[in-house]
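Here is what each chain is made of, one letter per residue.
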Amino acid sequence: MDPDADPNQPGTLDRPVFATSLVALLLAAIMLALAPEHSASFIEASYEAIATHLAPAYLWSAVLTLGLLGALAFGSHGDVTLGDPSEREFSNFSWFSMLFCAGIASGLLYWGTIEWASYFTAPPFGAEPRSDAAIAWATSYPLFHWGFPGWGFYALTTLAVGHAVYVRGEKSFRIGRACRPVIGRHADGALGRAIDVLFIVGLLGGASTSLGLAPPMIAAGLAHLTSGEPTFAWSVGVILACAAIFAASVYVGLDRGIRRLSDWNMATSLALVLFVLVVGPTLFILKMGTASIGHMLQHFVQMSFWTDPVQNTRFVEDWTVFYWAWWISYAPFVGMFVARISRGRSVREVIVGMLFLGSGGAWIYMIVLGNYALWAELTGVVPVLSILEAQGTPAAIVAVIASLPFGAASLVAFCVIALIYLATTFDSAAYTLAAGATRELEAGAHPERWHRMFWAIAIAGLPIGLMAIGGLRSLQLASLVGSVPLLGVGVVLAVSLVRGLHASSRRS
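Residues numbered from 1 in each chain as written. Predicted model: local features only at pLDDT ≥ 70, side-chain atom pairs only at ≥ 80, totals over all residues. Heavy atoms only, no water.

Chemist: Please provide a residue-by-residue account of the pattern of salt bridges, values included.
Modeler: Side chains that differ in sign of charge can pair as their charged atoms come close. On inspection of all chains with the given rule, the structure shows ten salt bridges. Between arginine 88 and glutamate 349 there is a salt bridge whose closest N-O contact spans 2.6 Å. With arginine 88 in the loop between α2 (36-74) and α3 (92-104) and glutamate 349 in helix α15 (residues 347-379), this pair connects stretches of sequence that are 261 residues apart. Using a relative accessible area of 23% as the deciding quantity, one classes glutamate 349 as partly exposed. Where aspartate 196 meets arginine 174, a salt bridge forms, and the shortest distance between an N and an O atom there is 2.8 Å. Taken together, the residues span a long stretch of sequence, with aspartate 196 in helix α9 (residues 190-226) and arginine 174 in the loop between α6 (148-166) and α7 (175-178) at a distance of 22 residues. Note on aspartate 196: relative accessible area 2%, which makes it buried. By sharing partners, the salt bridges in this structure join Arg168, Glu170, Arg177, Arg180 and Asp188 into a single network. (Salt bridge = Lys/Arg side-chain N within 4 Å of Asp/Glu carboxyl O. Helix = DSSP H or I, 4+ residues; strand = E, 2+ residues; numbered from the N terminus. Buried < 20%, exposed > 50% of the residue type's maximum accessible area, 1.4 Å probe, protein only.)

Given below as structure tokens:
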């Protein structure tokens with residue numbers, strides 16, 4: 001029998017973790033509802049303090065994570081398999097589709113189309129705005145922010161959780177249990193539960209950012225198609241529609257829900273990107289994409305360590321630190337989910353698949369959508385920067401997509417794909433939140449349906465409040481605050497993974 005259809009699920013609710021996480025969610029929602037102005041002020045002050053004082057920690061965490069993964073992939077532990085290779089549940093395409101959709105959401109469509117504009121008008125390293133040098137940084141920095149460091153955070157957590165369950169025999173896909181090689185028996189007690197609560201709080205922060213970015217973009221697209229105005233109510237309606245989709249998907253289960261949505265969305269989104277490449281300025285996109293990859297790789301070390309200590313333009317704090325915080329706050333969620341679908345795969349396969357296929361997939365969107373938008377600005381086809389300044393980011397993205405041949409159809413496809421990307425991410429998030437608040441969940445088992453559906457609906461509330469009070473800045477802080485305690489958890493996970501691999505090697 002399909003375990004998703006079995007009402008007698010083996011997992012049981014971990015009441016302390018569930019209750020603590022629920023209280024944290026309710027307190028945040030109440031604060032946003034009752035004191036929106038004070039909340040906005042607090043958000044601004046907190047973001048400045050955290051980003052300024054912890055910037056080096058975020059940069060070093062990315063560098064050290066990539067160093068560790070490189071050593072594992074090309075060392076003796078690369079051949080270690082997460083369980084029996086004959087027990088693989090998913091094809092390579094489905095495996096990659098699920099991990100990619102869970103890891104990037106519709107934020108990739110949002111930033112893939114428009115991120116270059118921020119760097120073009122306010123470039124790093126003292127480049128002159130709107131110059132050729134600014135173009136080089138504007139087209140390469142998005143590849144850096146959506147590339148190896150971010151997917152490295154995901155891969156580290158995937159391996160730590162996957163090794164704990166499939167090799168060490170832990171009975172649950174939980175971050176606290178994955179830390180057992182360091183915290184010992186405390187993994188089953190208050191410390192382990194505290195780590196699981198931190199994971200859930202971090203995920204709520206990261207999820208709020210993703211779920212808060214896409215709805216205004218989708219709402220702007222729908223308003224454009226209907227000649228209406230993209231009001232806040234439209235964005236709330238998009239979130240509720242998304243919640244309904246992923247609640248239904250959660251109900252039917254991992255294989256019939258998340259896998260099928262991910263497969264469909266991967267195929268349709270790649271078709272959209274191919275359409276833009278073919279009907280757009282193909283040669284410009286390919287030449288600029290090639291140049292931007294080369295520029296990013298040439299300056300990768302410089303970008304990884306740059307803190308801008310002299311000019312202090314806030315570029316690092318507002319962009320690189322924000323992105324690393326976003327990836328870190330998402331890492332436990334994506335790691336737990338990808339570990340769940342990676343049984344039978346080797347350590348090397350997970351690392352190479354996530355770092356290179358994940359980064360490569362994100363780069364395709366950035367190169368095609370971003371460079372089409374850049375071409376539209378440079379040639380005057382769409383005054384992207386003027387629209388961005390006067391009407392905001394969602395309107396600029398909609399104008400770019402609507403300028404394609406068959407503009408209305410292209411915009412419909414773009415909005416539908418963005419909505420399904422959003423749904424698959426939070427479908428996966430609800431599944432993982434439920435797993436994180438389940439006492440025991442062996443490999444192959446699933447959290448209870450009501451538990452998954454509860455989180456599918458609950459995580460829709462925070463981004464609505466954050467969108468109402470502060471736009472992008474409040475959404476950035478949600479990721480930043482959620483990621484702070486996870487910096488320490490990441491260190492414990494890394495040490496636990498290394499100790500676990502050494503211990504399993506000695507036993508074999």
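Chemist: Give a description of the environment of aspartate 79 that names residues and reports values.
Modeler: With respect to the helices, strands and loops of the structure, aspartate 79 is situated in the loop between α2 and α3. Residue aspartate 79 is classed as exposed on the basis of its relative accessible area, which comes to 56%. C-alpha separation for the pair aspartate 79 and arginine 345, spaced 266 residues apart in sequence, amounts to 9.2 Å. Residues within four places of aspartate 79 in sequence aside, it is in contact with Ser346 and Arg348. Within the structure, aspartate 79 has its side chain in polar contact with the side chain of arginine 348 (distance 2.6 Å). (Contact = heavy atoms within 4.5 Å. Polar contact = N/O pair within 3.5 Å; in protein donor to acceptor, adjacent residues only side chain to side chain.)

Chemist: A description of a nonpolar patch on the surface should follow, citing residues and the corresponding values.
Modeler: A cluster of nonpolar side chains, contributed by Leu222, Leu225, Trp264, Val412 and Val416, occupies part of the molecular surface with about 380 Å² of accessible area. Of all elements in the fold, only α9 and α18 (407-436) reach the threshold of two or more residues within the nonpolar patch. By the secondary structure assignment, valine 412 is in helix α18. (Patch = residues over 30% accessible without salt bridge, like charges linked within 9 Å, V, L, I, M, F, W, Y side chains within 5 Å. Areas by Shrake-Rupley, 256 points an atom, 1.4 Å probe, with all protein chains shown as cover.)

Chemist: Pulling in residues and values, what's your account of the packing of α3 against helix α14 (residues 315-340)?
Modeler: At a minimum axis separation of 10 Å, α3 and α14 run at an interaxial angle of 155 degrees. The angle between the axes of α3 and α14 places the two elements in the roughly antiparallel class. In this structure, α3 meets α14 at a crossing whose hand is right-handed. Contacts between α3 and α14 involve Trp95, Met98, Leu99, Ala102 and Gly103 on the former and, on the latter, Trp327, Tyr330, Phe333, Val334, Phe337 and Val338. Here the contact of α3 with α14 is built from residues that sort into ten nonpolar, one polar and no charged. (Axes fitted to C-alpha atoms, helices over the stretch in contact; angles between N-to-C directions. Parallel < 35°, antiparallel > 145°, perpendicular 65-115°, else oblique. Left-handed = near helix turned anticlockwise from the far one by under 90°. Nonpolar A, V, L, I, M, F, W, Y, C, P; charged D, E, K, R; others polar.)

Chemist: How would you sum up the packing of α6 against α15? Please name residues and give values.
Modeler: Orientation of α6 relative to α15, taken along the N-to-C sense of each, is 150 degrees, at an axis distance of 9 Å. With respect to α15, the element α6 is oriented roughly antiparallel. Taken as a pair, α6 and α15 cross one another with a handedness that is right-handed. Facing Phe148, Trp151, Gly152, Tyr154, Ala155, Thr158 and Leu159 of α6, the residues of α15 in contact are Val347, Val350, Ile351, Met354, Leu355, Phe356, Gly358, Ser359, Ala362 and Trp363. Looking at the contact of α6 with α15, its residues break down into 13 nonpolar, four polar and no charged.

Chemist: Could you give an account of helix α4 (residues 107-121), naming the residues involved and the relevant values?
Modeler: With 15 residues, α4 ought to run about 21 Å at 1.5 Å a step, and its terminal C-alpha atoms sit 21 Å apart, in line with that. Where α4 bends most, at isoleucine 114, the angle is about 45 degrees. Here α4 lies mainly inside the structure; 13 of its 15 residues are buried. (Expected span 1.5 Å × (residues − 1). Bend = angle between axes of the 7 residues up to and from the residue.)

Chemist: Describe the nonpolar core, naming the residues involved and giving the relevant values.
Modeler: Counting residues in hydrophobic clusters, the biggest one holds 159 residues, and the most contacted among them are Trp111 and Tyr323. The element that contributes the greatest number of residues to this core is α14, accounting for 19 residues. (Core = buried A, V, L, I, M, F, W, Y, C linked by side-chain atoms within 4.5 Å.)

Chemist: Quick rundown of the side chain of serine 342? Include the residues and the values.
Modeler: As for its placement among the helices and strands, serine 342 is situated in the loop between α14 and α15. Dropping the residues within four chain positions of it, serine 342 is found in contact with Leu82, Trp95, Thr158 and Val350.

Chemist: With reference to specific residues and values, describe α3.
Modeler: In a regular helix each residue adds 1.5 Å, so 13 residues correspond to 18 Å; α3 covers 18 Å between its end C-alpha atoms and thus fits that length. α3 sits mainly inside the fold: eleven of its 13 residues count as buried. Of all the residues in α3, the buried ones are Ser94, Trp95, Phe96, Ser97, Met98, Leu99, Phe100, Cys101, Ala102, Gly103 and Ile104.

Chemist: Could you give an account of the confidence of the model for the protein, naming the residues involved and the relevant values?
Modeler: In this model, the protein carries an average pLDDT of 84, and 85% of its residues clear a pLDDT of 70 or more. Confidence drops under a pLDDT of 50 for residues 1-10, and excluding neighbours within four residues, the segment shows 22 contacts in the predicted structure. (pLDDT = per-residue confidence, 0-100.)

Chemist: Describe in detail the environment of serine 346, supporting the description with residues and values.
Modeler: Here serine 346 is to be found in the loop between α14 and α15. Taking the C-alpha atoms as reference points, serine 346 and glycine 83, separated by 263 residues in sequence, lie 8.6 Å from one another. Discounting chain neighbours no more than four positions away, the residues touching serine 346 are Gly78, Asp79, Val80 and Thr81.

Chemist: Describe the packing of aromatic side chains, with residues and values.
Modeler: Tallied over the entire structure, the rule returns 32 aromatic pairs. Ring plane angle 70 degrees and centroid distance 6.2 Å describe the contact between tryptophan 146 and tryptophan 326, whose orientation is recorded as edge-to-face. Taken together, the positions of tryptophan 146 in the loop between α5 (132-145) and α6 and tryptophan 326 in helix α14 put the pair 180 residues apart, joining distant regions of the chain. In this structure, tryptophan 146 and tryptophan 326 share a single accessibility class: buried. Here the basic side chain of arginine 345 rests over the ring of tryptophan 95, its NZ or CZ set 4.4 Å away from the ring centre. (Phe/Tyr/Trp six-rings, centres within 6.5 Å; stacked < 30°, edge-to-face > 60°. Lys NZ or Arg CZ within 6 Å of the ring centre and 35° of its normal.)

Chemist: If you had to explain unusual backbone geometry to someone new, which residues and values would you point to?
Modeler: Among all residues except glycine, the phi angle is most often negative; among peptide bonds, the trans geometry is most common. Its identity as a non-glycine residue notwithstanding, aspartate 308 has a phi of 55 degrees, on the positive side. Relative to the helices and strands, aspartate 308 is located in the loop between α13 (300-305) and α14.

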